[in-house]
Amino acid sequence: MRRTILKDVRKIEPLDDLEAEHQRDAIEWIESGAELCRQVKPATPPKHLVSYFVLTDDDHFLLVEHRNAGLWLPTGGHVESDERPSETARREAKEELGIEPRLLSEEPLFITSTKTVGRTGGHSDISLWYVVVHPRTEELHFDQTEFKSIRWFHRDELPLDRCDPHMGRFIQKLGSLANRR
């Protein structure tokens, strides 16, 4: 599985210097043989792999108000041992929103490295970001133990000051890809 993850990470075309730096760091980390998956909550090992999946529909994006982080975040979760990150996105979509997602691609669009915030801070998440096209009109049943609420935000109304610090760059990258098509 490590080789598959490494291949997926290498295929990402960075948006900017920061994403290129995060990609290089992730490749070095994966190649080091370090444990990639969280073994013990919240922070063992101190760096681990996460899959985000961002639901989108017509310039709107679904974010969840995460109880622990205290932020509006994309949905997602920790990659389990012997699980491809795209499989994590599918599993988490079922667990967190009760949907069978259609990933835009099996390969991640974006990669970030983030020091966590909230009550379980003190570790780094290497996050692989996937895109899921999903109709806003479809009712979602979210995990109320993990999220206070969920909401669709228009691109121009995203609460970027209360989101994952890389959310704006992800939206920028997604928009630049849409303009190329």
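Bear in mind the structure is a predicted one, so any value in this text is a computation, not a measurement. (Residues numbered from 1 in each chain as written. Predicted model: local features only at pLDDT ≥ 70, side-chain atom pairs only at ≥ 80, totals over all residues. Heavy atoms only, no water.)

Engineer: An account of helix α1 (residues 2-11) is requested, with residue identities and associated values reported.
Structural biologist: Among all positions of α1, only Ile-5, Leu-6, Asp-8 and Val-9 are buried. What you see down the axis of α1 is that its buried residues fit within an arc of 160 degrees, all on one side. Turned more than 90 degrees from where α1 packs its buried face, Arg-3 and Lys-7 sit exposed. Contacts from the buried residues of α1 go to α2 (17-31), β1 (47-57), α3 (85-97), β5 (110-115) and β6 (124-133). (Buried < 20%, exposed > 50% of the residue type's maximum accessible area, 1.4 Å probe, protein only. Helix = DSSP H or I, 4+ residues; strand = E, 2+ residues; numbered from the N terminus. Arc of directions from axis to C-beta. Contact = heavy atoms within 4.5 Å.)

Engineer: Would you mind going over the packing of aromatic side chains in detail, with residue names and values included?
Structural biologist: Where two aromatic rings form a pair, the distance of their centres and the angle of their planes describe that pair. Here the structure, examined in full by the defined rule, presents five aromatic pairs. Aromatic side chains Phe-110 and Trp-129 sit 5.4 Å apart centroid to centroid with 80 degrees between the ring planes, which places their arrangement in the edge-to-face category. Taken as a pair, Phe-110 in strand β5 and Trp-129 in strand β6 lie far apart in primary sequence, 19 residues in all. Judged by relative accessible area, which is 0%, Trp-129 ranks as buried. Chaining the aromatic ring pairs together yields one cluster made of Tyr-52, Phe-110, Trp-129 and Phe-170. (Phe/Tyr/Trp six-rings, centres within 6.5 Å; stacked < 30°, edge-to-face > 60°.)

Engineer: Tell me about the layout of surface pockets, and please be specific about residues and values.
Structural biologist: Here the largest pocket is characterised by a volume of approximately 860 Å³. Every residue lining the largest pocket is counted, 36 residues in all, and those nearest its centre are Arg-38, His-66, His-78, Asp-125 and Glu-146. Its residues placed into classes, the lining of the largest pocket shows 12 nonpolar, 13 polar and 11 charged. (1 Å grid on protein atoms, 1.4 Å probe; cavity = no way out; pocket = protein on both sides within 12 Å on 5 of 7 lines; lining within 4 Å. Points joined across faces, edges and corners; volume = space filled by probe spheres on them. Nonpolar A, V, L, I, M, F, W, Y, C, P; charged D, E, K, R; others polar.)

Engineer: Lay out the pattern of salt bridges with the relevant residues and their values.
Structural biologist: A full pass over the atoms with the stated rule returns 14 salt bridges. Between Arg-155 and Asp-59 there is a salt bridge, with its nearest N and O atoms 2.9 Å apart. Taken together, the positions of Arg-155 in the loop between β7 (147-154) and α4 (167-180) and Asp-59 in the loop between β1 and β2 (60-66) put the pair 96 residues apart, joining distant regions of the chain. Accessibility expressed as a relative area gives 35% for Asp-59, which makes it partly exposed. In this structure, Asp-161 and Arg-162 form a salt bridge, with 3.9 Å as the shortest nitrogen-oxygen distance. We classify Asp-161 as exposed; its relative accessible area is 68%. Linked by salt bridges that have partners in common, Glu-80, Glu-83, Arg-91, Glu-92 and Glu-95 make up one network. (Salt bridge = Lys/Arg side-chain N within 4 Å of Asp/Glu carboxyl O.)

Engineer: Give a description of the packing of α1 against α2 that names residues and reports values.
Structural biologist: Orientation of α1 relative to α2, taken along the N-to-C sense of each, is 165 degrees, at an axis distance of 10 Å. Considering their axes alone, α1 and α2 lie roughly antiparallel with respect to each other. Judged by the twist between their axes, the crossing of α1 over α2 is left-handed. Every residue of α2 that contacts α1 at Arg-2, Ile-5, Leu-6, Val-9 and Arg-10 is listed here: Gln-23, Ala-26, Ile-27, Trp-29, Ile-30 and Glu-31. Partitioned by chemical class, the residues of the contact of α1 with α2 number seven nonpolar, one polar and three charged. (Axes fitted to C-alpha atoms, helices over the stretch in contact; angles between N-to-C directions. Parallel < 35°, antiparallel > 145°, perpendicular 65-115°, else oblique. Left-handed = near helix turned anticlockwise from the far one by under 90°.)

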